[in-house]
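Fold and geometry: a report
In case you want the letters, here they are:
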Amino acid sequence: MIDLLNSEKYSFLKNNEDLKNIIYLTLSGSRAYGTDNEKSDIDLRGVLIEDKKYYLGLKTFDQFEDIPTDTVIYGLKKFFRLCADANPSALELLGTAPESIIKITEEGEILRSNASLFLSKKVINSFGNYSMAQLRRLQNALCHDSYEEKERTKHLNDTLNSQIEHFKQTYTDFDSNSIKIYENTSSGELDFDINLKSYPIKDFIGIYSELNNIIRTYKKLNHRNNKKDDAHLFKHAMHLIRLLIMGIDILDGKGIITNRKDEKSFLLDLRNGVYSFDEIFKLTNEYQYKFEKSAENTKLPDFPDMDKIEKLLISLYSKH
């Protein structure tokens, strides 16, 4: 791995001035989850302390991204915001196995050792509700070819309404009856009612865009290459169930466990199509039930302690 990072394609790690203060660099993706094979890509994620010009001056630094190598390195402030919001892609970086860590400084050690500061009931939405919305989309895809049009409409309706519940946590809150999607019994099509007043236009655009993407994805399923697309969907199912399992651990007080060595065989069987689509649906229901029970009984606080998080952020900057 060290030889690879010293190769020309990773030269940006040494040559880019903005990246001189990396405090934490780790593998991510399948290699971090323990579900990799010989063909798996190498995905790197990291955190850096921004240069003073970014947190004292007029410029800002959120993240650096190198698309050819799938490398993303977050500025410290953005990373803290993501973790405080229980973003799964950010939190999982704080729970990677020691063998996945490429670089870690004293500041990086402090950051990892304080991972529990970021854990709260926000995990219920970010890990749970999001996963289930995506799994319903997956269910739509898998059932699309064999279901009658009426069943397809029902699945799409369930998916869209599940996503609306997710929106209440993601965007400016709105009343349950403000946005309604339902089947028109006369036409058999889905209808849409909306009643929002003084609602931020940027949030409305976000809601519209996400709903539109779901519908566009659904329509594309008519043109699926089943063998190729089913393999992708199996992999998608594996990662979504893995996300639920990680969420259950966090809610149960076990912390962030990114490498799923105990479930490795199970997850690989999911990805490799050992389980039928019907079995995947049943497993989804089982893990959803477990997640909901963990959410009911969790001892996590409603929200993270932002004062402590801010003090940690300032202390890391002060060491720089």
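Placed above this text is the structure.
Here we summarise the structure given alongside this text. (Residues numbered from 1 in each chain as written. Predicted model: local features only at pLDDT ≥ 70, side-chain atom pairs only at ≥ 80, totals over all residues. Heavy atoms only, no water.)

A short note on unusual backbone geometry
It is generally the case that most residues other than glycine have a negative phi and that most peptide bonds are trans. Located in the positive-phi region is D70, a residue other than glycine, with phi close to 50°. Among the secondary structure elements, D70 is positioned in the loop between β3 (63-66) and β4 (71-75). The partly exposed category is assigned to D70, whose relative accessible area is 30%. Non-glycine residue A86 carries a positive phi angle of around 60°. The topology assignment puts A86 in the loop between α5 (76-84) and α6 (88-91). Overall, the relative accessible area of 0% leaves A86 in the buried class. (Helix = DSSP H or I, 4+ residues; strand = E, 2+ residues; numbered from the N terminus. Buried < 20%, exposed > 50% of the residue type's maximum accessible area, 1.4 Å probe, protein only.)

Describing the side chain of S178
Mapped onto the elements of the fold, S178 is located in the loop between α9 (149-170) and β6 (179-183). Ignoring sequence-local partners within four residues, the contact set of S178 consists of D193, I194, N195 and L196. (Contact = heavy atoms within 4.5 Å.)

Focus: the sheet that holds β3
A sheet is described by the order of its strands in space; here 5 strands give the open sequence β3-β4-β2-β1-β5, paired in mixed fashion. The open sheet has two edge strands with one neighbour each: β3 and β5 (101-104). For this sheet, the mean angle separating the axes of adjacent strands, direction not counted, is 15°. With 6 bridges connecting them, strand β1 (residues 22-28) and strand β2 (residues 43-48) associate as antiparallel partners. The residue of β2 that forms the bridge with S28 is D43. (Pairing = 2+ DSSP bridges. Axes fitted to C-alpha atoms, helices over the stretch in contact; angles between N-to-C directions.)

What about helix α14 (residues 306-318)?
The first and last C-alpha atoms of α14 sit 18 Å apart over 13 residues, in line with the 18 Å expected at 1.5 Å per residue. Buried within α14 we find I309, L312, L313, L316 and Y317. Taken end-on, α14 shows its buried residues confined to a sector of 135°, consistent with a single buried face. Opposite the buried face of α14, by more than 90 degrees, sit the exposed residues D307, K311, I314 and S318. Close packing links the buried residues of α14 with α4 (52-56), α5 and α7 (106-113). Where α14 begins, one side-chain oxygen reaches toward the backbone nitrogen of D307, 3.2 Å away; that side chain belongs to D305. (Expected span 1.5 Å × (residues − 1). Arc of directions from axis to C-beta. Polar contact = N/O pair within 3.5 Å; in protein donor to acceptor, adjacent residues only side chain to side chain.)

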